[in-house]
Amino acid sequence: MATTDEAEGVSGPLLTDGFLEDRTYQRRLADAALETHTLVCLPTGLGKTTVSLLVTAERLAGDAVNKSLLLAPTKPLVTQHAEFYREALEVPDDEIVVYTGDTRPDDRADLWSGARIVVATPEVVENDLVGNRVDLTDVVHCTFDECHRATGDYAYNYIAERYHDEARDPLATGMSASPGDDEEAILEVCGNLGLAQVEVMTEDDADVAAYTHETTVDWERVELPETVIEIRDAINDVIQDRLSKLRELGVTNTNKPDVSEREIQQIQGKLRELMDNDQSEGYEGMSLLAEVRKLRTAVTYAETQSVESLRRYFERQKQAARSSGASKADQRMVSEPKVREAIRRAEEYDDLHPKFRRTRMLIAQTLGIEDGERVIVFTESRDTAETLTDFLDEHFQTRKFVGQSDTEGSDGMTQTEQQETLDEFRAGEFEVLVSTSVAEEGLDVPEVDLVLFYEPVPTAIRAIQRKGRTGRQTEGAVSVLLAEDTRDEAYFWKARNDQKRMEEELRSLKSMAGEIESELTQTGMDEFESVGGGDGADVADDAPHETEGEAATDDGDDAAESDSAADETEGSDTERGEAATTSQASADGGDEADGRDDADGSDESGGDDDIDGDDGQAGLDAFAGGADSDERGDESADRDEPDGEVATASADDESVEVVVDQRELDASIAKDLSRQEGVETRLETLAVGDYVLSDRVVVERKTVADFLDTLTGGDERSLFEQLTDAARYYARPVVVIEGEDLYGERNVHPNAIHGALASIAVDFGASVLRTTDEGETRDLLAAIAAREQEEEDRTVSVHGEKSSKTLAEQQEYVVASVAEVGPVTAESLLSEFGSVEAVMTADAEELTAADGVGEVTAERIREVVGSDYDG
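Residues numbered from 1 in each chain as written. Predicted model: local features only at pLDDT ≥ 70, side-chain atom pairs only at ≥ 80, totals over all residues. Heavy atoms only, no water.

## Some thoughts on the overall build of the chain
In step 1: A tally of regular secondary structure across the chain gives 33 helices and 23 strands.
In step 2: Sorting the 871 residues of the chain into buried and exposed places 59% on the buried side.
In step 3: Just so you have it, the chain exposes about 33100 Å², and 42% of that area is on carbon and sulfur atoms. (Helix = DSSP H or I, 4+ residues; strand = E, 2+ residues; numbered from the N terminus. Buried < 20%, exposed > 50% of the residue type's maximum accessible area, 1.4 Å probe, protein only. Areas by Shrake-Rupley, 256 points an atom, 1.4 Å probe, with all protein chains shown as cover.)

So this is what it looks like as structure tokens:
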């Protein structure tokens, strides 16, 4: 382990002498993390990354083959960690590589092979593991930064599973200032990452206390102006009317506009039952519920953000209602007289939300009277961030900091712009940073004198992340603005209570070191066979409050509208509560970011505009989980864009290979196939099909909702266009329709469905196969691939792809396309005759000289090549 020198700081193998300050608590945590797979809990700003770096240096020392993998949820964090590692370690800079979706897949494979330390976003590593581009065998230390994300279907979970299974000497370290709201959540994170012990340091520990300072938290209450209350009440009247209609349908007993998110989900469940029974009331109710959600979002903007944010939101809703694919809910809402009156009054209102003036006053007090230097203002809404930046810039030097995703009416910030903004903030070139949730999590934001929450956040994790931006070198202050008698109050109390509970849980976990391993074993830890590290021994809150993650997702109200934007997995942002419903549906259904419809279909699902929260329990789902999704999880995340890149991996002789289109990664099928023994997956951006199983079989996968969209014009590219291409390049196209109740999910006449199925089979010669879910689809694909490649001895050949081929590949492709001889026979013919021209001019007897070419095949080739064209 590293040693210390009072004059020079920490020294040791691979460490830059004197670069790291000697902190006893960091060395103690690193020593513990070297012993086994460990969750390291340490308050924000106290050097969790240093702990991981000390472990990495120790594990890499002495063996040049060893690699280290550091995963972080956002691109800015990845860049930040890589810069820190290059400064702190005596490792050549070109052996510490950054690995994100901005890096071409083929380049990533080369970077991986030459790297000692890879710093990457998880989505990219997950993709490359599914595509067999990278090998975890030599990774002797894997760090999961901000590991509280390891819930649900987050990429960390799959990577951890593969890592523990494949690495020859695994050691995993999870790092977080806030691993979960309670013991159960913390144990879930540990179980998902294969962590065997928890090491906790709090500000109460003597070693840590020396590096922290008191942070005061003040709650600033503001009253809403009368006009804003009247606008809100008008919208609430419409919500009450829509809920009354839902009550008439028998799916709820309330018509109160402050109905909880829990009740909203119960209503949705009852409506789904009606739809499953093909009752028209179900579809009618879903449309009404979608409208309720949108209106609740509008109320949240009015109450907690600003009238300007509300105006922007309504403008987007009006544009949506005018679009060709507008839902009934959109059209009905914007034509409702009371909503139109609310819009008119909002457009005429020329005053500011009282939070604006209160924000200005608190900043003036901090920077002026108290002689402070820097302030961060956090807001859930990108709309508010932009409006507030303009307002504050009249009085202070102010800059905004938002995610990378562009949203309607708002440009995101590039990674370079984000980095430049933070550098200028550290250098004191401006005083106030107005940020969406992108700056909450892990970014090296400088010490500030005041952290101001424009609105409270409903999760303890996010509150802790934000507060950690102050009180590091000197005493800090946190102010939280609450609009009285609004949802702000519910979110505030929920976060406060959860935070207290989390702090108590962390303290109790400190005494659980001896019990934690048995707890984890009981909950599935024994699935990870290697529990040791070192020397080779051995749901999340429904608020996707996304912490904008990679700076990808973005903040504010976008949440409501763009919860599916997954810049990188990272974040979302405004519409506080309901978005949770949408996000949870995505997580459960597997079709998270690819735009596939939820089972409810069309506008009935309620979709993006959720903003309210289960009495504060759901939290700013929308707020955090929608809009600035680009900020977080870029959720949408760091998936490779379909640019035509093609992987070169191929299955070995004992495996069958399934080629998967990059855009199918949002479903679990590819990951599940990659886990199966005897199956290897390869990723390509396919111009034809979703899965290629041999040189003649291509599969188009459609959920029931996708398929019905094709019939109703909801698909951007018709299934029949896709099948035209599939039939052109493949002899045996297959359409898999996945899901139940094909005839009952939508109000589509059975004759239309019959006609479409008949056309697929008769006009395009495609087989139609039905599966109930992703698991059944996975098994079907594996079975077809095995039959084609093992029983029929066919190879995988991708036709019609966008990427360029080598000359030899193009020659093989031309010959293979003749009379369906296939790639193996094509290679044999080219080897025998030396060129495409020679193959085409050879007579039938000469053709039989090639291995695998009999008289029938030879005659068929001659017939195709020599016959007159009769178009």
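## Observations concerning the packing of aromatic side chains
In step 1: Counted according to the given criterion, the structure contains 12 aromatic pairs.
In step 2: Ring centres of Phe144 and Tyr156 lie 5.3 Å apart, and the angle between their planes is 75°; on these two criteria the pair is classed as edge-to-face. Remark: Tyr156 occurs in helix α6 (residues 155–166) and Phe144 occurs in strand β7 (residues 139–145); sequence separation between them is 12 residues.
In step 3: For Phe144, a relative accessible area of 0% gives the class buried.
In step 4: Aromatic side chains Phe356 and Phe391 sit 5.5 Å apart centroid to centroid with 65° between the ring planes, which places their arrangement in the edge-to-face category. Separated by 35 residues along the polypeptide, Phe356 in helix α15 (residues 354–369) and Phe391 in helix α16 (residues 382–392) bring together distant segments of the chain. Phe391 matches Phe356 in its accessibility class, with the two residues each being buried.
In step 5: What links up through ring pairs into an aromatic cluster is the set Phe19, Phe84 and Tyr85.
In step 6: One residue, Lys355, lies across the ring of Tyr454, its end atom 5.0 Å from the ring centre. (Phe/Tyr/Trp six-rings, centres within 6.5 Å; stacked < 30°, edge-to-face > 60°. Lys NZ or Arg CZ within 6 Å of the ring centre and 35° of its normal.)

## A short note on the side chain of Arg293
In step 1: By the element assignment, Arg293 lies in helix α11 (residues 280–305).
In step 2: Only 2.9 Å separates the side chain of Arg293 from the side chain of Gln268, close enough to count as a polar contact. (Polar contact = N/O pair within 3.5 Å; in protein donor to acceptor, adjacent residues only side chain to side chain.)

## Some details on helix α26 (residues 719–729)
In step 1: Every buried residue of α26 is listed here: Leu719, Gln722, Leu723, Asp725 and Ala726. Mapping the buried residues of α26 onto a view down its axis gives an arc of 160°, with all of them on the same face. (Arc of directions from axis to C-beta.)

## What about the environment of Ile376?
In step 1: You can see Ile376 is positioned in strand β11 (residues 375–378).
In step 2: As a C-alpha pair, Ile376 and Val432 span 56 residues in sequence and 5.8 Å in three-dimensional space.

## Regarding the sheet that holds strand β5 (residues 96–99)
In step 1: The strand order β5-β6-β4-β7-β8-β3-β9 describes an open sheet built from 7 strands, whose pairing is parallel. Strands at the two margins of the open sheet, each flanked by one partner only, are β5 and β9 (197–200). Taking the axes of each pair of neighbouring strands and ignoring which way they run, one obtains an average angle of 20° across the sheet.
In step 2: Bridge count for β7 against strand β8 (residues 172–176) is 4 bridges, and the pairing is parallel. Its bridge partner lying in β8, Phe144 is registered against Gly174.
In step 3: Most of the contacts of helix α3 (residues 75–88) go to β5, to which it runs at about 180°, and overall it touches β4 (67–71), β5, β6 (117–120) and β7.
In step 4: Where helix α4 (residues 105–114) meets the sheet, its contacts fall on β4, β5, β6 and β7, and the angle it forms with β5 comes to roughly 155°. (Pairing = 2+ DSSP bridges. Axes fitted to C-alpha atoms, helices over the stretch in contact; angles between N-to-C directions. Contact = heavy atoms within 4.5 Å.)

## Re the environment of Leu243
In step 1: By secondary structure assignment, the location of Leu243 is in helix α9 (residues 226–248).
In step 2: Taking the C-alpha atoms as reference points, Leu243 and Thr254, separated by 11 residues in sequence, lie 7.0 Å from one another.
In step 3: Sequence-distant contacts of Leu243, defined by excluding residues within four places in its chain, comprise Thr252, Thr254, Asn255, Lys256, Pro257, Val259, Ile267 and Val292.

## A look at the nonpolar core
In step 1: Grouped together as the largest cluster of nonpolar side chains are 55 residues, with contacts concentrated most on Leu69, Leu71, Phe144, Leu193 and Leu693.
In step 2: Top element by residues in this core is α6. It accounts for 5 residues.
In step 3: Formed by 40 residues, the second largest nonpolar core is a distinct cluster that contains Val222, Val251, Met333 and Ala483. (Core = buried A, V, L, I, M, F, W, Y, C linked by side-chain atoms within 4.5 Å.)

## Regarding the pattern of salt bridges
In step 1: Taken as a whole and judged by the stated rule, the model has 54 salt bridges.
In step 2: Residue Arg23 is joined to Glu21 by a salt bridge in which the shortest nitrogen-to-oxygen separation is 3.3 Å.
In step 3: Judged by its relative accessible area of 45%, Glu21 is partly exposed.
In step 4: Among the salt bridges present, the one from Glu484 reaches Arg221, with a minimum N-O distance of 3.6 Å. Within this pair, whereas Glu484 is found in the loop between β15 (476–483) and α19 (487–510), its partner Arg221 is found in strand β10 (residues 215–222), the two being separated by 263 residues in sequence.
In step 5: One network of salt bridges, in which partners are shared, links Glu308, Arg311, Arg312, Arg316, Asp383, Glu386 and Lys400. (Salt bridge = Lys/Arg side-chain N within 4 Å of Asp/Glu carboxyl O.)

## Structural notes on the sheet that holds strand β22 (residues 732–738)
In step 1: Overall, mixed pairing links the 6 strands, which are arranged β19-β18-β20-β21-β22-β23 in an open sheet. The sheet is open, and its two edges are formed by β19 (679–684) and β23 (767–771), each paired on a single side.
In step 2: Seen against the sheet, helix α28 (residues 774–791) touches β18 (656–661), β20 (691–692), β21 (697–703), β22 and β23 and runs at an angle of roughly 130° to β18.

## Quick notes on the packing of helix α12 (residues 307–322) against helix α14 (residues 337–348)
In step 1: For the pair α12 and α14, interaxial distance at closest approach is 9 Å and the crossing angle is 135°. Considering the angle they form, α12 stands oblique to α14. Crossing hand, α12 versus α14: left-handed. The residues of α14 that touch α12, namely those facing Val307, Leu310, Arg311, Phe314 and Lys318, are Val339, Ile343, Ala346 and Glu347.
In step 2: By residue class, the composition of the contact of α12 with α14 is 6 nonpolar, no polar and 3 charged. (Parallel < 35°, antiparallel > 145°, perpendicular 65-115°, else oblique. Left-handed = near helix turned anticlockwise from the far one by under 90°. Nonpolar A, V, L, I, M, F, W, Y, C, P; charged D, E, K, R; others polar.)

## Focus: the pairing of strand β3 (residues 38–41)
In step 1: Neither face of β3 is open: one carries Thr38 and Val40, the other Leu39 and Cys41, and all of them are buried.
In step 2: Judged from the 4 bridges that link them, β3 and β8 form a sheet pairing that is parallel. Across the sheet, residue Cys41 finds its bridge partner in β8, namely Ser176.
In step 3: As paired strands, β3 and β9 are joined by 4 bridges and run parallel to one another. Residue pairing for β9: Val40 is matched across the bridge by Glu199.

## Considerations on the confidence of the model for the chain
In step 1: Looking at the chain as a whole, the pLDDT averages 76, with 74% of positions reaching at least 70.
In step 2: Counted against residues more than four places away or in other chains, residues 468–474, with its pLDDT under 50, gives 38 contacts.
In step 3: Below a pLDDT of 50 lies the segment residues 529–651, which in the model reaches 607 contacts outside its immediate sequence neighbourhood of four places, other chains included. (pLDDT = per-residue confidence, 0-100.)

## Regarding the environment of Ala72
In step 1: Counting through the fold element by element, Ala72 comes out in the loop between β4 and α3.
In step 2: In this structure Ala72 comes out as buried when scored by relative accessible area, which is 0%.
In step 3: For the pair Ala72 and Thr143, spaced 71 residues apart in sequence, the C-alpha to C-alpha distance is 8.4 Å.
In step 4: Ignoring any residue separated from it by four or fewer positions in sequence, one finds Ala72 in contact with Leu77, Val78, His81, Ala120, Thr121, Pro122, Asp145 and Tyr156.

## Points about a negative patch on the surface
In step 1: A cluster of acidic residues, Glu273, Asp276, Asp278, Glu740, Asp741, Asp773 and Glu776, forms a negative patch on the protein surface.
In step 2: Classification of Glu273 as exposed rests on a relative accessible area of 52%. (Patch = residues over 30% accessible without salt bridge, like charges linked within 9 Å, V, L, I, M, F, W, Y side chains within 5 Å. Lys, Arg positive; Asp, Glu negative; His and termini not counted. Charge placed at Lys NZ, Arg CZ, Asp CG, Glu CD.)

## Regarding the packing of helix α10 (residues 261–276) against α11
In step 1: Packing of α10 against α11 leaves a shortest axis separation of 8 Å and a crossing angle of 160°. With respect to each other, α10 and α11 are oriented roughly antiparallel. Viewed along their axes, α10 and α11 form a crossing whose handedness is left-handed. On α11, the residues touching Glu261, Ile264, Ile267, Gln268, Leu271, Arg272, Leu274 and Met275 of α10 are Glu281, Gly282, Tyr283, Gly285, Met286, Leu289, Val292, Arg293 and Arg296.

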